[in-house]
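# Architecture and fold: a report
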Amino acid sequence: MTVPVQRETLVVPARAPARRRSLSWMVGYLFILPAIIGFVVFYLYPALRGLQISFTDWNLLSEPKNVGIANYQEVVRDPRFWSALGITVKYVLWNIPLQTILSLLLAVAMDRLVKSMFVKGLLIVPYLLSNVLVAMIFLWMLDPLLGIVNQWLDLTPIGKQPFFNSAEQAIPTIALVNVWKHMGFNALLFYAGLQAIPRTVYEAAAIDGSSEANTFWRITLPLLRPVTVFVLVTSVIGSFQIFDTVAVATAGGPADATKVLVYYIYQNAFGFFRMGYATAMSMVLFAILILFTLVQMRLLRAGESDLD
Amino acid sequence: MTTVPTTQTAHHRPRKPFPLGRLLAYLALTLVILISLFPIWIVLKTALTGSRSLFTEAASLWPSEPTLINFKRVLGLVSLEEAQAAGGSGSAVNFLAAMKNSVIFTGLIVLGQTFFSAMAAYAFARLKFPGRDAIFTLFLVAMMIPGIVLFIPNFITIKNLGWLNTIPGMVAPFILMTPFAVFFLRQFFLSLPRETEEAAFLDGAGPFTIFWRITLPMSQGPLATLAILTAIGMWNEFFWPFLIAKDEASFTLPVALQVFKSQTPQGVPDWTGLMAGTFVAAIPVFLLLVFLGRRVVESLAFSGTK
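Residues numbered from 1 in each chain as written. Chains lettered and ligands numbered in written order. Predicted model: local features only at pLDDT ≥ 70, side-chain atom pairs only at ≥ 80, totals over all residues. Heavy atoms only, no water.

Going by what an unreviewed UniProt entry lists, chain B is known as Sugar ABC transporter permease and is assigned to Deinococcus aetherius. Among the UniProt annotations of chain B, the heading Sequence similarities (unreviewed entry) holds the following wording: "Belongs to the binding-protein-dependent transport system permease family." In its Subcellular location (unreviewed entry) section, the UniProt record describing chain B reads: "Cell membrane". (UniProt positions renumbered as here; feature names shortened; annotations may be inferred.)

Per an unreviewed UniProt entry, chain A goes by Sugar ABC transporter permease and derives from Deinococcus aetherius. Comment text from UniProt for chain A, heading Subcellular location (unreviewed entry), reads "Cell membrane". Its UniProt record gives chain A a comment under Sequence similarities (unreviewed entry), which states: "Belongs to the binding-protein-dependent transport system permease family."

In structure tokens, the structure reads:
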């Protein structure tokens, strides 16, 4: 690549290199200054401040009152916290397996059949839409009265379904909606992983008379493991933090059936102004996610050797 | 620039022994594409439907009398009476203003975050200063903190600064950096050859000149990747603007749409208006895909291979 550098502009009167070097650490700080301000004010400070708030009782108006670990004790005792965690896990269990298996199959299909950037572009359209738009679209499509899905289901023996409006169906519906949103994108990630597998491995397998299915189970899947682990773990971590779809589509209802963890935290912070309790719960969520990250690191290490 | 290893596609695998499997795969792929795009067609179809035909044509795939009235009313181009006659609730949200806010919100963050993160990444990759590696490690650790942990204290900070309902309040947590952006650009800068920079240094160029005239121009690909990922993420960001923007004047599109929906009185929501608003909100990402298709796809694919 050509670099548009005009030589003349770079020639400045020579200064003493020693002096430049002794000052160079200040230049380094100058370069990171804006990022450091952003980091300290909006990452480091809030993380520590959050920890501090989690030990207080605070409604934003009066002074925060120190309550020690009372918030954390309440978390453990709060049936609504456990129910929110349970609903979140239920969502993850609906969302992740379906999403991963479908994306993997789609990626294999793409790998075999598609070179076209156009097709890949079409497949990631849902991913480009915000969660709010996606929730809105499916609220309409699944509307009990006029939604096209129910209009069509009415013509079949299945009949109309309540989807978001039923305590049983709401979480699976939200999960399926997010499968729709993420399927193409995750397939793209798997596809990139498939492209990295040397074709010679497949040729060798074909010469050895390996069947398609055999090749998939014995070669493709194991060699894809690092990508699979990455996609799985980042999706799980993302799924645990589901909020937007719930906030727009169901607002936690019907009858709290979709009150997932982040929505419950949000309610406590900005609905009941229980900042201390809300941050304590968010710290617990953080701990759960760290646990997942540690598992991810172990699994990734386990998956490293396959291609080497 | 080759963030995705696509070089090996040129080789052809041996001929498939199962044409039936191939046929099934084509069918499955076509089906998935249809499923991916069908909801978007329904959005457009509904947005083009008049509120009266909404009831009679709910099951049809095509609006019998296409009309632009819904787009006009969500963009505030018709009078209140006309809007109400077309099924609006009267308490419409100004999507044009929200679009402007979204563009400012996303644009400022893309520019700021990309540039400031590049500066920091350059320092972490090339300059020496005390505490460099320790600070960078802190950045890496921070990548794991979930949004909700940060949002509550950040909301309090912004509130104390008196920045609720303002653009500064909305962009502040994102505009200066994200740990991921710094991490990603540092990895790339480390891979650049040092020779050009050293030659410039010998010619007397300072670090900022080298950064601005050599490193940045050599990094257009990764910078574009980062800008695209940031643009998509911020255009779609809901939680933070939702917390900060409580006045209609500062709504971004996702917030405006949520508010428009929740304003709907009991009974039948204003679906045709909602779908017109939804379509309007999605137009920019469609344009991004149409004009930068390959780049967008590669950027997204990259985001999974870091």
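Here the narrative resumes.
A word on the UniProt feature "domain: ABC transmembrane type-1" (unreviewed entry) in chain A. On the UniProt side, "domain: ABC transmembrane type-1" (unreviewed entry) is annotated at positions that read residues 85–296 of chain A here. Split by type, residues 85–296 of chain A is 75% helix and 0% strand. Its first and last C-alpha atoms lie 21 Å apart. (Helix = DSSP H or I, 4+ residues; strand = E, 2+ residues; numbered from the N terminus.)

Buried together is how nonpolar side chains tend to be arranged in soluble globular proteins. Counting 203 residues, the largest nonpolar core has Leu129, Phe138 and Met275 of chain A together with Leu29, Phe124, Phe189 and Leu300 of chain B as its most contacted members. Ignoring any residue separated from it by four or fewer positions in sequence, one finds Leu29 of chain B in contact with Leu106, Ala109, Met110, Leu113, Val114 and Leu123 of chain A. (Core = buried A, V, L, I, M, F, W, Y, C linked by side-chain atoms within 4.5 Å. Buried < 20%, exposed > 50% of the residue type's maximum accessible area, 1.4 Å probe, protein only. Contact = heavy atoms within 4.5 Å.)

Right, let's talk about a nonpolar patch on the surface for a bit. Taken together, the side chains of Ile290, Leu294 and Met297 of chain A together with Val141 and Met144 of chain B present a nonpolar region at the surface, about 410 Å² in accessible area. Of all the elements, helix H15 (residues 275–303) of chain A adds the most residues to the nonpolar patch, at three residues. Along the polypeptide, Met144 of chain B turns up in the loop between helix H6 (132–142) and helix H7 (147–160). The exposure class of Met144 of chain B is partly exposed, given its relative accessible area of 33%. (Patch = residues over 30% accessible without salt bridge, like charges linked within 9 Å, V, L, I, M, F, W, Y side chains within 5 Å. Areas by Shrake-Rupley, 256 points an atom, 1.4 Å probe, with all protein chains shown as cover. Salt bridge = Lys/Arg side-chain N within 4 Å of Asp/Glu carboxyl O.)

In total, this model carries 43 aromatic pairs over all chains according to the counting rule given. Between Phe208 of chain B and Phe211 of chain B, the ring centres sit 6.0 Å apart and the planes meet at 55°, which makes this aromatic pair tilted. Linking Phe208 of chain B with Phe211 of chain B, this pair stays in helix H11 (residues 207–218), spanning three residues, or about one helical turn. In textbook terms, an aromatic cluster arises when at least three aromatic residues are bridged by ring pairs, as seen for Phe243, Tyr263, Tyr266 and Phe270 of chain A together with Phe151, Phe155, Phe238, Phe239, Trp240 and Phe242 of chain B. Positioned above the aromatic ring of Tyr127 of chain A is the side chain of Lys181 of chain A, whose terminal nitrogen or guanidinium carbon lies 5.8 Å from the ring centre. Above the face of the Phe242 of chain B ring, Lys246 of chain B is positioned so that its terminal group lies 4.8 Å from the ring centre. (Phe/Tyr/Trp six-rings, centres within 6.5 Å; stacked < 30°, edge-to-face > 60°. Lys NZ or Arg CZ within 6 Å of the ring centre and 35° of its normal.)

Right, let's talk about the UniProt feature "transmembrane region" (unreviewed entry) in chain A for a bit. Residues and elements named next belong to chain A. UniProt feature "transmembrane region" (unreviewed entry): in the numbering of this structure it lies at residues 23–45, 91–110, 122–142, 223–243 and 275–295. Between the C-alpha atoms that bound residues 91–110 the distance is 28 Å, and the span itself is 100% helix and 0% strand. Split by type, residues 223–243 is 81% helix and 0% strand. Its first and last C-alpha atoms lie 34 Å apart.

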